[in-house]
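These are the residues of each chain, in order.
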Amino acid sequence: MTETENFQTDQAPVVTIDGPSGSGKGTIAKLVADRLGFALLDSGALYRLTALAALNAGADLDDAEKVARIAANLDIRFAIADAEVSAILDGVDVSQDIRMERVSMAASKVAAIPEVRDALLQRQRDFRTAPGLVADGRDMGTTVFPDAPVKIFLTASAEERARRRHAQLQGRGVSVSLRDLLEDIRARDDRDMNRATSPLAPAEDAVVLDSTEIDIQGVLQRVLDLVQQRIG
Ligand SMILES: Nc1ncnc2c1ncn2[C@@H]1O[C@H](COP(=O)(O)OP(=O)(O)OP(=O)(O)O)[C@@H](O)[C@H]1O
Ligand SMILES: Nc1ccn([C@H]2C[C@H](O)[C@@H](COP(=O)(O)O)O2)c(=O)n1
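Here's a quick rundown of the structure. Keep in mind that what you see is a predicted model, and the values were worked out from it rather than measured. (Residues numbered from 1 in each chain as written. Chains lettered and ligands numbered in written order. Predicted model: local features only at pLDDT ≥ 70, side-chain atom pairs only at ≥ 80, totals over all residues. Heavy atoms only, no water.)

**Points about the overall build of the protein**
1) Next: Helix and strand content of the protein: 10 helices and 8 strands.
2) Next: For the protein, the spread of C-alpha atoms along the principal axes amounts to about 45 × 45 × 40 Å.
3) Next: Within the protein, the fraction of its 232 residues that count as buried is 46%.
4) Next: Nonlocal contacts in the protein, meaning residues at least 24 apart in sequence, comprise 75% of its contacts between residues at least 6 apart.
5) Next: Across the protein, the 28 positively charged side chains and the 37 negatively charged ones have centroids separated by 3 Å. (Helix = DSSP H or I, 4+ residues; strand = E, 2+ residues; numbered from the N terminus. Buried < 20%, exposed > 50% of the residue type's maximum accessible area, 1.4 Å probe, protein only. Contact = heavy atoms within 4.5 Å. Lys, Arg positive; Asp, Glu negative; His and termini not counted. Charge placed at Lys NZ, Arg CZ, Asp CG, Glu CD.)

**Structural notes on the site of ligand 1**
1) Next: In the vicinity of ligand 1, 17 residues are found, and the nearest of them are Lys-25, Gly-26, Thr-27, Arg-165 and Ile-214.
2) Next: With respect to ligand 1, the side chain of Lys-25 contributes an N or O atom lying 2.6 Å from an oxygen atom.
3) Next: Between ligand 1 and the protein, one listed contact pairs an oxygen atom with a side-chain N or O atom of Arg-165 at 2.5 Å.
4) Next: Within the complex, the protein chains bury 81% of what would otherwise be the 640 Å² of accessible surface of ligand 1.
5) Next: Counting only elements with at least two residues in the shell around ligand 1, the list comes to α2 (25–36), α8 (158–171) and α10 (216–230).
6) Next: Residues of the shell around ligand 1, tallied by class, amount to 4 nonpolar, 7 polar and 6 charged. (Near = heavy atom within 4 Å. Polar contact = N/O pair within 3.5 Å; in protein donor to acceptor, adjacent residues only side chain to side chain. Areas by Shrake-Rupley, 256 points an atom, 1.4 Å probe, with all protein chains shown as cover. Nonpolar A, V, L, I, M, F, W, Y, C, P; charged D, E, K, R; others polar.)

In structure tokens:
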């Protein structure tokens, strides 16, 4: 890479969208990236891929050193076809597998390991590229891209997030109880917000957007307005 390309990459604007599970980060991040022609980072997918690789290896998820080694050596890539992003682990498309509930819970556990977060930090920063990046996760605005010009903290009530997830799963033909989903969401919120390293929290300079009563188009418009104000 030439010095000029490197400069452009380091300076490329980043829009960070952090928030709890099911608040709509992934949906909004994709729409915003499409509108702006920016690259997209789904940082949760990296934790999910680490969790799946650790489960596949039969690793004890409490073995921080081992799981961190797995995170540091992940053989992954993201492929884009028909506007859909697929996650490839060791050459296999695992896009569906990483969304399974057991992987979600495992991801939340491995994400609490500081050594795993360190191992994934540079990999996330490497997504920054011209003309810009939209990054969604839990610590995009606080830790990974603290200099981002646009930071959103997207939230919604736990009940509404459980309802959305329930509808999403039903749409895919997966039957789960709303009560179980709500419990699950609360357990993940608790773990994500209370871990010692990079806990889920709005950056000081983030705009907090509560989408409980705002539909997807409404949230998208608010984010685009903010991008217009901050980046032009
Ligand atoms: N403002 C909204 N109003 C209604 N439904 C929404 C809204 N935002 C997102 N959804 C729906 O909620 C579900 C969850 O959204 P999404 O997967 O984007 O959340 P997320 O924050 O990325 O979750 P996770 O962190 O668990 O990956 C999806 O079915 C999505 O279509
Ligand atoms: N920057 C991030 C992204 C995700 N995580 C954790 C939080 C979840 O428990 C898990 C999966 O994320 P999701 O795909 O649901 O967004 O990974 C995190 O700690 N930091």
